[in-house]
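This is what each chain is made of:
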Amino acid sequence: MVWEGEGVIKYGRKLIGATDPQKSEPGTIRGDLAVVVGRNIIHGSDGPETAKEEVNLWFKPEELVNYTGNSEKWIYGVN
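Residues numbered from 1 in each chain as written. Predicted model: local features only at pLDDT ≥ 70, side-chain atom pairs only at ≥ 80, totals over all residues. Heavy atoms only, no water.

An unreviewed UniProt entry annotates the chain as Nucleoside diphosphate kinase originating from Populus trichocarpa. Quoted verbatim from the Sequence similarities (unreviewed entry) heading of the UniProt record, the comment on the chain is "Belongs to the NDK family." (UniProt positions renumbered as here; feature names shortened; annotations may be inferred.)

If you want it as structure tokens, here you go:
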């Protein structure tokens, strides 16, 4: 899955949890579902540049879909 949006890397990594599942908070994906670093179940890019590289590594352009929700103009002020 590829996420896009304001603050998505920061908040996505918070949802995912620390790289070492043993140090991840309960309620995070890694904290609840992973055991060791080498057997990780999820990845989150650490910045916009690496995200671009990683998206291109794992996804074909035709696999990516743009979506704009009706509420976006109310949340972000986009008209």
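Additional details are given in the paragraphs that follow.
Attention shifts here to the environment of asparagine 56. Here asparagine 56 shows up in helix H3 (residues 48-58). Classification of asparagine 56 as exposed rests on a relative accessible area of 63%. (Helix = DSSP H or I, 4+ residues; strand = E, 2+ residues; numbered from the N terminus. Buried < 20%, exposed > 50% of the residue type's maximum accessible area, 1.4 Å probe, protein only.)

Moving on, we get to the pattern of salt bridges. Once their charged atoms are close, side chains differing in charge can pair, the charge on each being opposite to the other. By the definition in use, this model includes one salt bridge. Here glutamate 49 ties to lysine 52 by a salt bridge, and the two come within 3.9 Å at their closest N and O atoms. With glutamate 49 and lysine 52 both in helix H3 and three residues apart, this pair spans about one turn of that helix. (Salt bridge = Lys/Arg side-chain N within 4 Å of Asp/Glu carboxyl O.)

So, about a nonpolar patch on the surface. Residues Met1, Trp3 and Leu15 make up a contiguous nonpolar surface patch of about 390 Å² in total accessible area. Along the polypeptide, tryptophan 3 turns up in the segment before helix H1 (8-16). Tryptophan 3 sits in the partly exposed class, given a relative accessible area of 43%. (Patch = residues over 30% accessible without salt bridge, like charges linked within 9 Å, V, L, I, M, F, W, Y side chains within 5 Å. Areas by Shrake-Rupley, 256 points an atom, 1.4 Å probe, with all protein chains shown as cover.)

Our focus in this paragraph is the UniProt feature "domain: Nucleoside diphosphate kinase-like" (unreviewed entry) in the chain. UniProt's entry tags residues 1-66 with the feature "domain: Nucleoside diphosphate kinase-like" (unreviewed entry), counted in the numbering of this structure. In the segment residues 1-66, helix accounts for 38% and strand for 0%; the C-alpha atoms at its two ends are 12 Å apart.

Mapping methionine 1 onto the fold places it in the segment before H1. Taking the C-alpha atoms as reference, methionine 1 lies 9.0 Å from phenylalanine 59; in sequence the two are 58 residues apart.

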